[in-house]
Amino acid sequence: MQPNPLYRKVFLYLHSLPSIEDSDFTNLVTGTNQNDIVLCLDANQLIEDHFLGATLYWFNQKTEPNRNNENRTGSFLLKIRKNDKRRILGAYLRHIHDVAGDMESNGKRELRLFVNAGDGEGGVRWRSVPFTHPSTFETIAMGEDLRSKVKSDLELFLRGKKYYRKLGRAWRRSFLLYGPSGTGKSSFVAAMANFLGYDVYDVDLENVRGETTPKSIVVVEDLDKFVVAATTESSLPAASATGIQMLNIMDGILSACCGEERVMVFTMNSKDGVDPDLLRPGRVDVHIHFPTCDFTSFKELASSHLGVKEHKLFPRVEEILARGVSLSPAEVGELMIANRGSPSRAIKSVIGALRPDGGDGIGRRESADDDCDDVDGGDGCNAVKDFRKLYGLFKLRNGKRSRPSNNTLVHD
């Protein structure tokens, strides 16, 4: 019950033919662009095509769903005269492949998010929904140098089919994204998918089954947490269990999701305690660190969320961040969104959330009234209190105070 990539190509090709309008029954559906209304061939309908002087007919067949209203499958039946079959069939199928490939390359196909799900009969299969995440490399908080390097790396990968074949390697690239929660790893994956025009497969490590399709990003989230959980359940010594589990996991994923024209992405909160050999090139090609919010990231967020490039409060934010106090980009972004009507209030909300509960002088030097001295009757202070409760900032400030480094990119 795995998807057939050729079926999708035929589907794209047939629905691009003008003759679909001549079918007796077609469905009107909304396209990838919500303003587009497109025709979709109905079940048990015939569509006509012409190629090298021959007339061909495609019949759209649908099976009935099972008792759980699941597993309805589709197939296309090609009808061609015997005299034409040997003469044009091979060239015709290559023509379909090329046309559908051009449509996919030009971004005309709808991206999908695939997840493992039960099939109603005790098995596991991929289920998909439209992937509509709007994140791009231009909208995420990231250093310009790193942004350029990542885009260049992905562009080289897209054009690298012949190069990888020349090297005798599978046309595949793998990334490790590591850093605390809320630092932008998921948004980065979405930006990759939109940049490449690839589908996304979210792999459940307990059900690594089924092949993925070309032009896809295969994502394994929180790999370190899974390894730790597996280690605690093992009777082997911790170091030995970790190494064995990691090897089995990595090799199992690469085996189950093997194939060309794929990007593998693993995420971790930290690489601490993980044998570097397990994340070596060949298993993981590129390592990218996602730190908590520094001043550069804060300015990018202020520009994208508030439309502000400079502000009188920026030096105050920079001073607090320089003392080792920080939030994740997600936390800063949420504070800005909640107070987007007033950039001053938004920045003061961030300052209030960053300010420690005393102990380094800033908390004693800055009063609550100073943070809420003007805009909209003190809504900024209320926002700070709400977000402190939401993120547990009081506990967070009693933890580590060291500043992580900026995003780093390590190539193979």
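The rules behind each value
- Residues numbered from 1 in each chain as written.
- Predicted model: local features only at pLDDT ≥ 70, side-chain atom pairs only at ≥ 80, totals over all residues.
- Heavy atoms only, no water.
- Buried < 20%, exposed > 50% of the residue type's maximum accessible area, 1.4 Å probe, protein only.
- Helix = DSSP H or I, 4+ residues; strand = E, 2+ residues; numbered from the N terminus.
- Pairing = 2+ DSSP bridges.
- Expected span 1.5 Å × (residues − 1).
- Arc of directions from axis to C-beta.
- Contact = heavy atoms within 4.5 Å.
- Axes fitted to C-alpha atoms, helices over the stretch in contact; angles between N-to-C directions.
- Phe/Tyr/Trp six-rings, centres within 6.5 Å; stacked < 30°, edge-to-face > 60°.
- Lys NZ or Arg CZ within 6 Å of the ring centre and 35° of its normal.
- pLDDT = per-residue confidence, 0-100.

Student: Before we move on, could you go through the pairing of strand β10 (residues 216–220) and cite the residues and values that matter?
Tutor: Within β10, 5 of the 5 residues are buried, which leaves it mostly tucked inside the rest of the structure. By the alternation rule, side chains of β10 split into Ser216, Val218 and Val220 and Ile217 and Val219, which are all buried. Inspection of the sheet shows strand β9 (residues 199–202) paired to β10 by 4 bridges, in the parallel sense. Residue pairing in the sheet places Asp199 in a bridge with Ser216 of β10. Relative to strand β11 (residues 262–268), β10 runs parallel, the two sharing 5 bridges.

Student: Please provide a residue-by-residue account of helix α8 (residues 295–306), values included.
Tutor: Taking 1.5 Å as the rise per residue, α8 with 12 residues should run 16 Å; its terminal C-alpha atoms sit 15 Å apart, in good agreement. All of the buried residues along α8 are Phe295, Ser297, Phe298, Leu301, Ala302 and Leu306. The buried residues of α8 all sit within an arc of 150 degrees when viewed along its axis, so they share a single face. Taken from the residues just after α8, Gly307 is the one with a positive phi, measuring 70 degrees.

Student: Describe the environment of Tyr164, naming the residues involved and giving the relevant values.
Tutor: With respect to the element layout, Tyr164 can be found in helix α4 (residues 161–167). Exposure remark for Tyr164: the relative accessible area of 9% places this residue in the buried category. With 96 residues separating them in the primary sequence, Tyr164 and Glu260 have C-alpha atoms 9.8 Å apart. Filtering out sequence-adjacent residues up to four positions away, Tyr164 remains in contact with Phe157, Arg169, Ala170, Trp171, Arg172 and Arg173.

Student: For the pairing of strand β8 (residues 172–178), give the residues involved together with the corresponding values.
Tutor: By the criterion of burial, β8 is predominantly enclosed, with 6 of the 7 residues buried. In this structure, β8 lies alongside β11, joined through 7 bridges in parallel fashion. Each residue of the ladder has a partner; that of Leu177, found in β11, is Thr267. The sheet contact formed by β8 and strand β12 (residues 286–289) spans 4 bridges and is parallel. The residue of β12 that forms the bridge with Leu176 is His287.

Student: Would you mind going over the sheet that holds strand β3 (residues 46–51) in detail, with residue names and values included?
Tutor: Paired through backbone hydrogen bonds, the strands of a sheet run either parallel or antiparallel to each other. What the 3 strands build is an open sheet, ordered β3-β4-β5; its pairing is antiparallel. Where the open sheet ends on each side, the last strands, each with one partner, are β3 and β5 (74–79). Direction aside, neighbouring strands of the sheet carry axes that sit 25 degrees apart on average. Here β3 runs beside strand β4 (residues 54–62); their pairing, made up of 6 bridges, is antiparallel. From the neighbouring strand, Glu48 faces β4, where its bridge partner is Tyr57. Across the face of the sheet, helix α1 (residues 5–14) comes into contact with β3, β4 and β5 while running at roughly 65 degrees to β5.

Student: Explain the packing of aromatic side chains to me, and be specific about the residues and the numbers.
Tutor: Counted under the stated rule, the structure contains 16 aromatic pairs. Note on Trp126 and Tyr201: the rings are 4.9 Å apart at their centroids and 80 degrees apart in plane angle, and the pair reads as edge-to-face. Residue Trp126 is found in strand β7 (residues 124–130), and its partner Tyr201 is found in strand β9; the two are separated by 75 residues along the sequence. A relative accessible area of 5% places Trp126 in the buried class. Plain terms: the ring middles of Phe298 and Phe314 are 5.5 Å apart, the flat faces sit at 75 degrees to each other, and that makes the pair edge-to-face. Of this pair, Phe298 sits in helix α8 while Phe314 sits in helix α9 (residues 314–322); the two residues are 16 residues apart in sequence, bridging distant segments of the chain. Like Phe298, the residue Phe314 is buried in the burial classification. Here the aromatic residues Tyr7, Tyr13, Phe51, Trp58, Phe76 and Tyr92 are joined through ring pairs into a cluster of three or more. A cation over an aromatic ring shows up here: Lys79 above the ring of Phe59, its NZ or CZ 5.9 Å from the ring centre.

Student: With reference to specific residues and values, describe the confidence of the model for the chain.
Tutor: Predicted confidence across the chain gives a mean pLDDT of 75, with 65% of residues reaching 70 or more. Predicted confidence is poor over residues 390–405, with pLDDT under 50, and the contacts of this stretch with residues over four places away or in other chains come to 35 contacts.

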